[in-house]
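# A closer look at the structure
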Amino acid sequence: MIGEALIDLLESTSGGELVYRPAVGGAPFNVAVGIARLGADVHFVGSFGDDPFGHRLLDFLDKSGVGTDGAQTIPDVATTLAVTTFQGHEPTFRFYGSPPSYGLLDAARVDVDRVAGARLLYCGSMCLLAPPVLAAARRAWAVPGPVRVFDPNVRPVVGLNPDVVEEFAATADLVKLSSADATALWGESPEAATERLLAAGAGAVVVTLGSQGALVAKGSASVLVPAPQITPVDATGAGDATMAGLSWGILSQGKPADLGEWATLTRVAVHVAGYVCESPGGAVAMPTVADLRARFVDLAV
Ligand SMILES: Nc1ncnc2c1ncn2[C@@H]1O[C@H](COP(=O)(O)OP(=O)(O)OP(=O)(O)O)[C@@H](O)[C@H]1O
């Protein structure tokens, strides 16, 4: 079934040379791998199907040094597959697999003691469309203690309820989203979405702007952090790399106190994203600190 759908899709979208490359991913998956590559201790909570694809994802997390106690393998369910096609370096996704394996997480997988002892809690993304995942995310989000970072990441599946986004934003220390997310959620400019999220209660907001970098806002002020000059090859996981860079910055330097400190953190994050854009694959392209230093010699990390 999936094979037939894939063949139809590939035939309908391949105008020239067709390049097929299997990869691993999913936004929270990419973020977890990205944070681990940068050197922090990270644990993943999420679900996979009980098939070779799911086993491969778990294996990749293990090999990347991500803790998988909170990962759940769902019996008799196929792992959701995403087929990514490209216009230049910009990816478009189509998902296959019903019910979606990522949407069946048991909220009991959230170890509240571990959350309470953590320094940072990341929550994303379109998976929140699934009621079980939303219940799990609310269970984790209710635990006081860690710095909370939230990525609504509504695309490529448009439909996440804006009320849910504002619910999580209300108690988030940081909300990161893309300008495309802002349009999909509210039909708003990055500036207007930033004001909305800050008014909802977010401590700070970062809106990514592709090759232009990112808009960082706190209180009534904002600043544009430019992206490094790169030659993009594959932008898959660029937003996730930004989130990984921001999370790692908070873990290594503490939560920023003011707009200037958020901008400093974001400057590193746009370089992490730029690095990822320069090679194919999303999660596999996430850099170590040594990779960043070698590629961007002027970057103080
Ligand atoms: N062409 C580029 N040159 C330099 N940096 C880039 C480029 N494209 C993306 N980036 C980096 O990746 C970050 C995230 O990109 P973008 O704003 O497109 O988010 P995204 O999550 O990939 O977007 P979308 O929601 O459209 O999928 C940017 O803020 C920037 O740092």
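This structure is a prediction, so every number in the text was calculated from the model and none was measured.

The rules behind each value
Residues numbered from 1 in each chain as written. Predicted model: local features only at pLDDT ≥ 70, side-chain atom pairs only at ≥ 80, totals over all residues. Near = placed C-beta within 6 Å. Helix = DSSP H or I, 4+ residues; strand = E, 2+ residues; numbered from the N terminus. Nonpolar A, V, L, I, M, F, W, Y, C, P; charged D, E, K, R; others polar. Core = buried A, V, L, I, M, F, W, Y, C linked by C-beta atoms within 7 Å. Buried ≥ 20, exposed ≤ 12 C-beta atoms within 10 Å, placed from the backbone. Contact = placed C-beta atoms within 7 Å. Pairing = 2+ DSSP bridges. Axes fitted to C-alpha atoms, helices over the stretch in contact; angles between N-to-C directions.

## Some thoughts on the site of the ligand
- Near the ligand lie 21 residues; those nearest to it are Ser 178, Thr 208, Ala 238, Gly 239 and Ala 273.
- Contributing elements (two or more residues each) for the shell around the ligand: helix H7 (179-186), helix H9 (238-253) and helix H10 (259-277).
- Here the shell around the ligand gets four residues from one element, more than from any other, and that element is H10.
- Across the shell around the ligand, the residue classes tally to eleven nonpolar, eight polar and two charged.

## A look at the nonpolar core
- Grouped together as the largest cluster of nonpolar side chains are 77 residues, with contacts concentrated most on Ala 32, Val 175, Ala 244, Val 272 and Val 276.
- Broken down by element, the residue count for this core peaks at ten residues, all from H10.
- Residues contacting Val 272, with those up to four places away along its chain left out, are Ala 241, Thr 242, Ala 244, Gly 245, Pro 287 and Leu 292.

## Thoughts on the sheet that holds strand S7 (residues 174-178)
- One open sheet accounts for six strands, arranged S5-S6-S7-S8-S9-S10; its pairing is mixed. Edge positions in the sheet fall to strand S5 (120-124) and strand S10 (221-225), since each has one partner strand and no second. Averaged over all adjacent pairs, the angle separating strand axes in this sheet is 15°, with direction ignored.
- Against the sheet, H7 makes contact with S7 and strand S8 (205-208), and its axis sits at roughly 90° relative to S7, the strand it touches most.
- The strands touched by helix H8 (residues 190-200) within the sheet are S7, S8, strand S9 (214-218) and S10, with S8 carrying the most contacts at an inclination of about 155°.

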